[in-house]
Amino acid sequence: MDETISKFKSKLSISIVETKMPDLVKTKEGGYRIVAPEAGVVTSIVTRTGTPMVKKGDKVKEGDVLIDGVISYVDDSGEITKKEAICADGDVKLRTQKTYSNSCVLLHKEKQYTSFEKKVYEFWIFGKKIYITNPFKGFNKGKKYDIMANVCNVSINKSFCMPVSYGTTIYKEYEEIEETYTEKEAKQLLLKQYEQYKEKLINNEKVVKEKEITFQEKENCIEIWVQLTIEEVVKKYQNVCKL
(Lines give C-alpha, C1' and ligand atoms only; values in the text may rest on other atoms or scores of the structure.)
Protein backbone atom coordinates (compact mmCIF):
# COMPACT_ATOMS: atom_id res chain seq x y z
CA MET A 1 0.00 0.00 0.00
CA ASP A 2 1.46 3.25 -1.11
CA GLU A 3 1.00 6.33 1.04
CA THR A 4 0.93 9.68 -0.70
CA ILE A 5 1.49 12.83 1.24
CA SER A 6 0.33 16.04 -0.41
CA LYS A 7 1.48 19.41 0.79
CA PHE A 8 -0.70 22.42 0.21
CA LYS A 9 0.57 25.98 0.42
CA SER A 10 -1.74 28.80 1.36
CA LYS A 11 -1.19 32.44 0.52
CA LEU A 12 -2.30 35.20 2.84
CA SER A 13 -2.84 38.54 1.20
CA ILE A 14 -3.01 41.61 3.38
CA SER A 15 -4.13 44.91 1.93
CA ILE A 16 -3.15 48.02 3.82
CA VAL A 17 -5.06 51.15 2.90
CA GLU A 18 -3.40 54.34 4.00
CA THR A 19 -5.85 57.06 4.85
CA LYS A 20 -4.97 60.40 3.33
CA MET A 21 -4.92 62.69 6.29
CA PRO A 22 -5.86 66.35 5.85
CA ASP A 23 -2.95 68.78 5.99
CA LEU A 24 -4.43 70.29 9.12
CA VAL A 25 -4.19 66.98 10.97
CA LYS A 26 -0.56 66.61 9.94
CA THR A 27 0.67 70.08 10.77
CA LYS A 28 -1.55 71.76 13.36
CA GLU A 29 -1.09 71.35 17.08
CA GLY A 30 -3.80 71.84 19.67
CA GLY A 31 -7.49 71.12 19.52
CA TYR A 32 -9.52 71.08 16.30
CA ARG A 33 -13.02 69.81 15.60
CA ILE A 34 -14.75 68.86 12.36
CA VAL A 35 -17.78 71.05 11.64
CA ALA A 36 -20.50 71.14 9.00
CA PRO A 37 -19.70 73.63 6.20
CA GLU A 38 -23.43 73.95 5.42
CA ALA A 39 -26.80 72.44 6.24
CA GLY A 40 -27.34 68.83 5.21
CA VAL A 41 -27.85 65.22 6.26
CA VAL A 42 -25.10 62.94 7.58
CA THR A 43 -24.95 59.85 5.37
CA SER A 44 -22.02 58.14 7.12
CA ILE A 45 -19.50 58.81 9.87
CA VAL A 46 -16.25 57.07 10.84
CA THR A 47 -14.32 58.49 13.79
CA ARG A 48 -10.62 57.79 14.23
CA THR A 49 -9.82 60.35 16.91
CA GLY A 50 -12.16 62.66 18.79
CA THR A 51 -15.73 62.38 19.99
CA PRO A 52 -18.53 61.80 17.44
CA MET A 53 -21.37 64.25 18.00
CA VAL A 54 -23.75 63.02 15.27
CA LYS A 55 -24.85 59.75 13.72
CA LYS A 56 -25.95 58.59 10.30
CA GLY A 57 -29.25 60.18 9.29
CA ASP A 58 -28.90 63.27 11.52
CA LYS A 59 -29.79 66.66 10.05
CA VAL A 60 -27.19 69.33 10.77
CA LYS A 61 -26.90 73.08 10.33
CA GLU A 62 -23.93 75.09 9.16
CA GLY A 63 -21.31 75.19 11.93
CA ASP A 64 -22.63 72.18 13.86
CA VAL A 65 -19.87 70.06 15.41
CA LEU A 66 -19.66 66.63 13.75
CA ILE A 67 -16.57 65.22 15.49
CA ASP A 68 -15.41 67.11 18.55
CA GLY A 69 -11.74 67.65 19.27
CA VAL A 70 -12.22 67.25 23.03
CA ILE A 71 -11.80 63.97 24.87
CA SER A 72 -13.27 63.63 28.38
CA TYR A 73 -11.81 61.27 31.00
CA VAL A 74 -14.16 59.97 33.69
CA ASP A 75 -13.64 58.13 36.95
CA ASP A 76 -15.48 55.06 38.23
CA SER A 77 -18.41 57.19 39.37
CA GLY A 78 -18.84 58.68 35.89
CA GLU A 79 -17.63 62.16 36.79
CA ILE A 80 -15.37 63.97 34.34
CA THR A 81 -11.90 64.29 35.82
CA LYS A 82 -10.02 65.70 32.85
CA LYS A 83 -10.54 67.10 29.38
CA GLU A 84 -7.97 67.06 26.61
CA ALA A 85 -7.99 68.98 23.33
CA ILE A 86 -6.90 66.96 20.29
CA CYS A 87 -7.17 67.23 16.51
CA ALA A 88 -10.33 65.39 15.51
CA ASP A 89 -9.93 62.97 12.62
CA GLY A 90 -12.54 60.98 10.74
CA ASP A 91 -14.64 60.69 7.61
CA VAL A 92 -18.04 62.36 7.73
CA LYS A 93 -20.11 62.33 4.55
CA LEU A 94 -22.69 65.07 4.20
CA ARG A 95 -25.56 65.19 1.69
CA THR A 96 -26.71 68.66 0.67
CA GLN A 97 -29.23 70.14 -1.75
CA LYS A 98 -28.19 72.85 -4.18
CA THR A 99 -29.76 74.77 -7.03
CA TYR A 100 -27.58 75.59 -10.01
CA SER A 101 -28.69 78.49 -12.19
CA ASN A 102 -27.21 80.37 -15.12
CA SER A 103 -28.45 82.58 -17.95
CA CYS A 104 -27.60 83.29 -21.56
CA VAL A 105 -28.35 86.63 -23.22
CA LEU A 106 -29.47 85.99 -26.79
CA LEU A 107 -28.19 89.27 -28.23
CA HIS A 108 -24.43 89.33 -27.73
CA LYS A 109 -21.16 90.50 -29.26
CA GLU A 110 -18.69 88.26 -31.03
CA LYS A 111 -15.17 88.85 -32.31
CA GLN A 112 -14.60 89.06 -36.03
CA TYR A 113 -10.95 89.15 -37.03
CA THR A 114 -9.78 91.50 -39.74
CA SER A 115 -6.91 90.85 -42.14
CA PHE A 116 -4.50 92.96 -40.05
CA GLU A 117 -1.91 91.00 -38.11
CA LYS A 118 1.37 92.23 -36.65
CA LYS A 119 4.25 90.01 -35.52
CA VAL A 120 6.97 91.02 -33.10
CA TYR A 121 10.06 88.81 -32.79
CA GLU A 122 11.73 88.97 -29.37
CA PHE A 123 15.11 87.77 -28.15
CA TRP A 124 16.38 87.70 -24.55
CA ILE A 125 20.16 87.50 -24.13
CA PHE A 126 21.63 87.76 -20.61
CA GLY A 127 18.59 89.69 -19.38
CA LYS A 128 18.47 92.13 -22.29
CA LYS A 129 15.51 92.15 -24.68
CA ILE A 130 15.78 92.78 -28.41
CA TYR A 131 12.73 93.43 -30.62
CA ILE A 132 12.48 92.91 -34.37
CA THR A 133 9.32 94.06 -36.17
CA ASN A 134 8.09 95.74 -39.32
CA PRO A 135 8.41 99.51 -38.71
CA PHE A 136 5.96 100.29 -41.52
CA LYS A 137 3.16 98.27 -39.95
CA GLY A 138 1.87 100.19 -36.92
CA PHE A 139 -1.10 99.93 -34.59
CA ASN A 140 -4.39 101.76 -34.78
CA LYS A 141 -5.21 103.00 -31.27
CA GLY A 142 -8.92 102.90 -32.04
CA LYS A 143 -8.85 99.18 -32.80
CA LYS A 144 -8.86 96.11 -30.56
CA TYR A 145 -6.31 93.30 -30.64
CA ASP A 146 -5.93 89.78 -29.36
CA ILE A 147 -2.37 89.09 -28.18
CA MET A 148 -0.81 85.63 -28.56
CA ALA A 149 2.70 85.10 -27.23
CA ASN A 150 5.05 82.15 -27.53
CA VAL A 151 8.42 81.97 -25.74
CA CYS A 152 11.08 79.23 -26.05
CA ASN A 153 14.09 78.78 -23.77
CA VAL A 154 17.39 77.57 -25.15
CA SER A 155 18.80 74.62 -23.17
CA ILE A 156 21.61 72.11 -23.62
CA ASN A 157 19.68 69.44 -21.73
CA LYS A 158 16.71 69.17 -19.38
CA SER A 159 18.68 70.34 -16.36
CA PHE A 160 20.68 73.21 -17.86
CA CYS A 161 19.10 76.25 -19.52
CA MET A 162 21.10 78.90 -21.33
CA PRO A 163 20.53 82.61 -20.51
CA VAL A 164 19.02 82.93 -23.96
CA SER A 165 15.41 82.72 -25.12
CA TYR A 166 13.35 83.79 -28.07
CA GLY A 167 9.73 84.18 -28.94
CA THR A 168 7.01 85.66 -31.10
CA THR A 169 4.12 87.91 -30.14
CA ILE A 170 1.24 88.15 -32.59
CA TYR A 171 -1.30 90.98 -32.48
CA LYS A 172 -4.54 90.09 -34.29
CA GLU A 173 -6.98 92.90 -34.94
CA TYR A 174 -10.69 92.26 -34.45
CA GLU A 175 -14.03 94.00 -34.48
CA GLU A 176 -17.03 93.29 -32.27
CA ILE A 177 -20.25 92.55 -34.11
CA GLU A 178 -23.70 91.87 -32.72
CA GLU A 179 -25.05 88.33 -33.09
CA THR A 180 -28.14 86.57 -31.78
CA TYR A 181 -28.18 83.02 -30.41
CA THR A 182 -31.03 80.79 -31.47
CA GLU A 183 -32.97 79.08 -28.68
CA LYS A 184 -31.21 75.80 -29.48
CA GLU A 185 -27.73 77.42 -29.46
CA ALA A 186 -28.42 79.14 -26.14
CA LYS A 187 -29.58 75.90 -24.48
CA GLN A 188 -26.56 74.01 -25.81
CA LEU A 189 -24.23 76.70 -24.43
CA LEU A 190 -25.94 76.62 -21.02
CA LEU A 191 -25.75 72.82 -20.87
CA LYS A 192 -22.05 72.91 -21.76
CA GLN A 193 -21.35 75.41 -18.97
CA TYR A 194 -23.37 73.30 -16.52
CA GLU A 195 -21.40 70.16 -17.45
CA GLN A 196 -18.17 72.08 -16.78
CA TYR A 197 -19.51 73.12 -13.36
CA LYS A 198 -20.53 69.51 -12.55
CA GLU A 199 -17.14 68.18 -13.69
CA LYS A 200 -15.42 70.64 -11.35
CA LEU A 201 -17.50 69.32 -8.42
CA ILE A 202 -16.66 65.71 -9.32
CA ASN A 203 -12.95 66.55 -9.56
CA ASN A 204 -13.23 67.89 -5.99
CA GLU A 205 -14.34 64.41 -4.84
CA LYS A 206 -18.04 65.22 -4.70
CA VAL A 207 -20.80 62.83 -5.75
CA VAL A 208 -23.35 64.72 -7.85
CA LYS A 209 -26.89 63.61 -8.66
CA GLU A 210 -29.19 65.85 -10.65
CA LYS A 211 -32.93 65.72 -10.09
CA GLU A 212 -34.25 67.94 -12.83
CA ILE A 213 -33.00 70.32 -15.55
CA THR A 214 -35.40 73.07 -16.61
CA PHE A 215 -35.13 76.07 -18.92
CA GLN A 216 -37.01 79.35 -18.62
CA GLU A 217 -37.41 81.76 -21.52
CA LYS A 218 -37.38 85.46 -20.79
CA GLU A 219 -37.04 88.58 -22.91
CA ASN A 220 -33.71 88.29 -24.78
CA CYS A 221 -32.58 85.66 -22.26
CA ILE A 222 -32.80 81.95 -21.48
CA GLU A 223 -32.14 80.58 -17.98
CA ILE A 224 -31.18 77.09 -16.82
CA TRP A 225 -32.13 75.66 -13.41
CA VAL A 226 -30.82 72.34 -12.06
CA GLN A 227 -31.74 70.74 -8.74
CA LEU A 228 -28.68 68.91 -7.38
CA THR A 229 -28.00 66.47 -4.58
CA ILE A 230 -24.33 66.58 -3.58
CA GLU A 231 -22.53 64.18 -1.24
CA GLU A 232 -19.01 64.92 -0.02
CA VAL A 233 -16.56 64.21 2.78
CA VAL A 234 -16.44 67.14 5.21
CA LYS A 235 -13.03 68.82 5.39
CA LYS A 236 -13.85 71.89 7.44
CA TYR A 237 -12.01 72.28 10.76
CA GLN A 238 -12.54 74.68 13.63
CA ASN A 239 -10.24 75.53 16.50
CA VAL A 240 -11.26 74.34 19.96
CA CYS A 241 -11.28 77.55 21.98
CA LYS A 242 -12.65 76.23 25.26
CA LEU A 243 -12.51 72.81 26.93
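Attention in this report is confined to the structure presented alongside it. (Residues numbered from 1 in each chain as written. Predicted model: local features only at pLDDT ≥ 70, side-chain atom pairs only at ≥ 80, totals over all residues. Heavy atoms only, no water.)

**Section: the nonpolar core**
General note: in soluble globular proteins, nonpolar side chains tend to be found buried as a group. Counting residues in each nonpolar core, the largest one holds 14 residues, and the members touching the most others are Ile34, Val42, Val60, Leu66, Val92, Leu94 and Val234. Every element with two or more residues in this core is listed here: strand E1 (32–35), strand E5 (65–68) and strand E8 (89–105). Residues contacting Val60, with those up to four places away along its chain left out, are Ala36, Glu38, Ala39, Gly40, Val42, Val54, Leu66 and Leu94. (Core = buried A, V, L, I, M, F, W, Y, C linked by side-chain atoms within 4.5 Å. Buried < 20%, exposed > 50% of the residue type's maximum accessible area, 1.4 Å probe, protein only. Helix = DSSP H or I, 4+ residues; strand = E, 2+ residues; numbered from the N terminus. Contact = heavy atoms within 4.5 Å.)

**Notes on the packing of aromatic side chains**
A full pass over the atoms with the stated rule returns six aromatic pairs. Centroid distance Tyr113 to Tyr174: 6.2 Å. Interplanar angle 70 degrees. Geometry classified as edge-to-face. On the criterion of sequence distance, the pair formed by Tyr113 in strand E9 (residues 107–125) and Tyr174 in strand E12 (residues 160–180) is long-range, its members being 61 residues apart. Residue Tyr113 is classed as partly exposed on the basis of its relative accessible area of 41%. Feature note: the residues Phe116, Phe139, Tyr145 and Tyr171 constitute an aromatic cluster, connected by ring pairs. Against the face of Tyr73 rests Lys82, its NZ or CZ located 5.7 Å from the ring centre. One cation-aromatic arrangement involves Lys137 over Phe116; the distance from NZ or CZ to the ring centre is 5.5 Å. (Phe/Tyr/Trp six-rings, centres within 6.5 Å; stacked < 30°, edge-to-face > 60°. Lys NZ or Arg CZ within 6 Å of the ring centre and 35° of its normal.)

**Notes on the sheet that holds E9**
Reading across from one edge, E10-E9-E12-E11 is the order of the four strands in this open sheet, with antiparallel pairing throughout. In this open sheet, the two edge strands, each paired with only one partner strand, are strand E10 (128–133) and strand E11 (144–157). Averaged over all adjacent pairs, the angle separating strand axes in this sheet is 30 degrees, with direction ignored. (Pairing = 2+ DSSP bridges. Axes fitted to C-alpha atoms, helices over the stretch in contact; angles between N-to-C directions.)

**A closer look at helix H2 (residues 183–203)**
An ideal rise of 1.5 Å per residue puts 30 Å on 21 residues; H2 measures up with 30 Å between its terminal C-alpha atoms. Three or more residues of H2 are buried, namely Ala186, Leu190, Tyr194, Lys198 and Leu201. On an axial view of H2, the arc spanned by its buried residues comes to 105 degrees, and they lie on one face. Opposite the buried face of H2, by more than 90 degrees, sit the exposed residues Lys184, Lys192, Lys200 and Asn203. (Expected span 1.5 Å × (residues − 1). Arc of directions from axis to C-beta.)

In short, shape yes, function no, at least from these values alone.
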